Amino acid sequence: MSSILTFSNQAKTRLKEIMSSDEYKNALGLRISVKSGGCAGMTYDMNYVEQLVDGDEKIEVEGVNVFIDPKAIMYLLGTEMDYKVDKFTSSFVFNNPNETERCGCGESFKI
């Protein structure tokens, strides 16, 4: 069975850095969901969890709790979360083999 979501070494490192900062020390972890929106129809959404949500799938990534919205699981199966640093920006990116289309700005996708 394929994992719902895997994490690159860069993503793991960045998650640990963020979640160990004073700003997020009270957060229980990070929650990943998929929402309608963007020019291609769907967007990835990430929020810090301060209260558990019933039904979320929990993945522990080197000591960091990552919670996945159950409605997002079918869209995320087999996806790798990465962290990219470019000349002008740095961000988490999702390498999703299920995507059939991605908008030009890279912010939304279609499955």
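Since this is a predicted model, take the numbers as computed values, not measurements.

## Quick look at the overall build of the protein
Then, number 1: Per the secondary structure count, the protein includes 2 helices and 9 strands.
Then, number 2: Tracing the protein from N to C terminus, the helices and strands come up as β-α-β-β-β-β-α-β-β-β-β.
Then, number 3: Here the protein, with 111 residues, has 39% of them falling under the buried criterion.
Then, number 4: Entry remark: accessible area of the protein is about 6900 Å², with carbon and sulfur atoms responsible for 46%.

## Here's the deal with the sheet that holds strand β7 (residues 90–95)
Then, number 1: Spatially, the 3 strands line up as an open sheet ordered β1-β6-β7, and their pairing is mixed. Unpaired on one side and paired on the other, β1 (5–7) and β7 mark the two borders of the sheet. Averaged over neighbouring strand pairs, the angle between their axes works out to 30 degrees when direction is ignored.
Then, number 2: By the bridge criterion, 3 bridges tie β1 to strand β6 (residues 79–85) in an arrangement that is parallel. Residue pairing in the sheet places Leu5 in a bridge with Thr79 of β6.

## Examining the nonpolar core
Then, number 1: With 25 residues, the main nonpolar core has Leu5, Phe7, Leu15, Ile32, Val66, Leu76 and Met81 as its most contacted residues.
Then, number 2: At the level of secondary structure, the elements contributing two or more residues to this core comprise β1, α1 (9–19), β2 (29–36), β3 (42–49), β4 (57–61), β5 (64–68), β6 and β7.
Then, number 3: Considering every element that reaches this core, the biggest residue donor is α1, with 4 residues.
Then, number 4: The contacts of Met81, once residues within four sequence positions are left out, are Leu5, Thr6, Phe7, Ser8, Ala11, Leu15, Leu30, Ile32, Met46, Phe92, Val93 and Phe94.

## Overview of the pattern of salt bridges
Then, number 1: One pass over the structure, following the stated rule, counts 7 salt bridges.
Then, number 2: Put simply, Glu62 and Lys16 hold a salt bridge, and the shortest N to O gap is 2.7 Å. A residue pair is termed long-range when its members are at least 10 positions apart, and Glu62 in the loop between β4 and β5 and Lys16 in helix α1 qualify at 46 residues.
Then, number 3: Glu62 sits in the partly exposed class, given a relative accessible area of 45%.
Then, number 4: Accessibility expressed as a relative area gives 35% for Lys16, which makes it partly exposed.

## Quick look at the side chain of Asn96
Then, number 1: Topologically, Asn96 is positioned in the loop between β7 and β8 (101–102).
Then, number 2: For Asn96, a relative accessible area of 9% gives the class buried.
Then, number 3: Reaching out from Asn96, the side chain makes a polar contact with the side chain of Tyr44 at a distance of 3.0 Å.

## Observations concerning the packing of aromatic side chains
Then, number 1: Tallied over the full model, the rule gives 3 aromatic pairs.
Then, number 2: Residues Tyr24 and Tyr48 carry aromatic rings whose centres are separated by 3.9 Å and whose planes lie at 20 degrees to one another, so their mutual orientation is stacked. One end of the pair, Tyr24, is in the loop between α1 and β2; the other, Tyr48, is in strand β3, with 24 residues separating them in the sequence.
Then, number 3: Note on Tyr48: relative accessible area 35%, which makes it partly exposed.
Then, number 4: Between Tyr44 and Phe94 the ring centres are 4.2 Å apart and the planes differ by 20 degrees, which places this aromatic pair in the stacked class. Of this pair, Tyr44 sits in strand β3 while Phe94 sits in strand β7; the two residues are 50 residues apart in sequence, bridging distant segments of the chain.
Then, number 5: Overall, the relative accessible area of 8% leaves Phe94 in the buried class.

Cut-offs and rules
- In every chain, residue numbers begin from 1 and rise along the written sequence.
- Thresholds applied to this predicted model are a pLDDT of at least 70 for local features of residues and 80 or more for the giving and counting of side-chain atom pairs; totals over whole chains, interfaces and linings are not thresholded and use all residues.
- By convention in this description, side-chain values take in all heavy atoms of the structure and omit both hydrogens and water.
- Strands here mean DSSP runs of E at least two residues long; helices mean DSSP runs of H or I at least four residues long; both are numbered from the N terminus.
- A 1.4 Å probe rolled over the protein chains alone gives each residue an accessible area, and that area as a share of the maximum for its type sets the label: buried under 20%, exposed over 50%, partly exposed in between.
- Per-residue and other accessible areas follow the Shrake-Rupley method at a 1.4 Å probe size, with only the shown protein chains counted as cover for residues.
- Strand pairing follows a simple DSSP-based rule, namely that at least 2 bridges must link the two strands.
- Axis definition: a line fitted to C-alpha atoms, limited for helices to the stretch in contact. Angles are taken between N-to-C directions and run from 0 to 180 degrees.
- We call a set of buried Ala, Val, Leu, Ile, Met, Phe, Trp, Tyr and Cys residues a nonpolar core when their side-chain atoms join them within 4.5 Å.
- What makes two residues a contact is simply this: any of their non-hydrogen atoms within 4.5 Å.
- Salt bridge, as applied in this entry: a Lys or Arg side-chain nitrogen positioned within 4 Å of an Asp or Glu carboxyl oxygen.
- Pairs of N or O atoms are called polar contacts if they sit within 3.5 Å, as long as, within protein, a hydrogen donor faces a hydrogen acceptor (for residues adjacent in sequence, only side-chain-to-side-chain pairs).
- Each Phe, Tyr or Trp ring, with Trp reduced to its six-membered ring, pairs with another whose centre is within 6.5 Å; inter-plane angles below 30 degrees give stacked pairs, above 60 give edge-to-face pairs, and intermediate values give tilted ones.

These results come straight from atomic positions and should not be treated as a statement about function.
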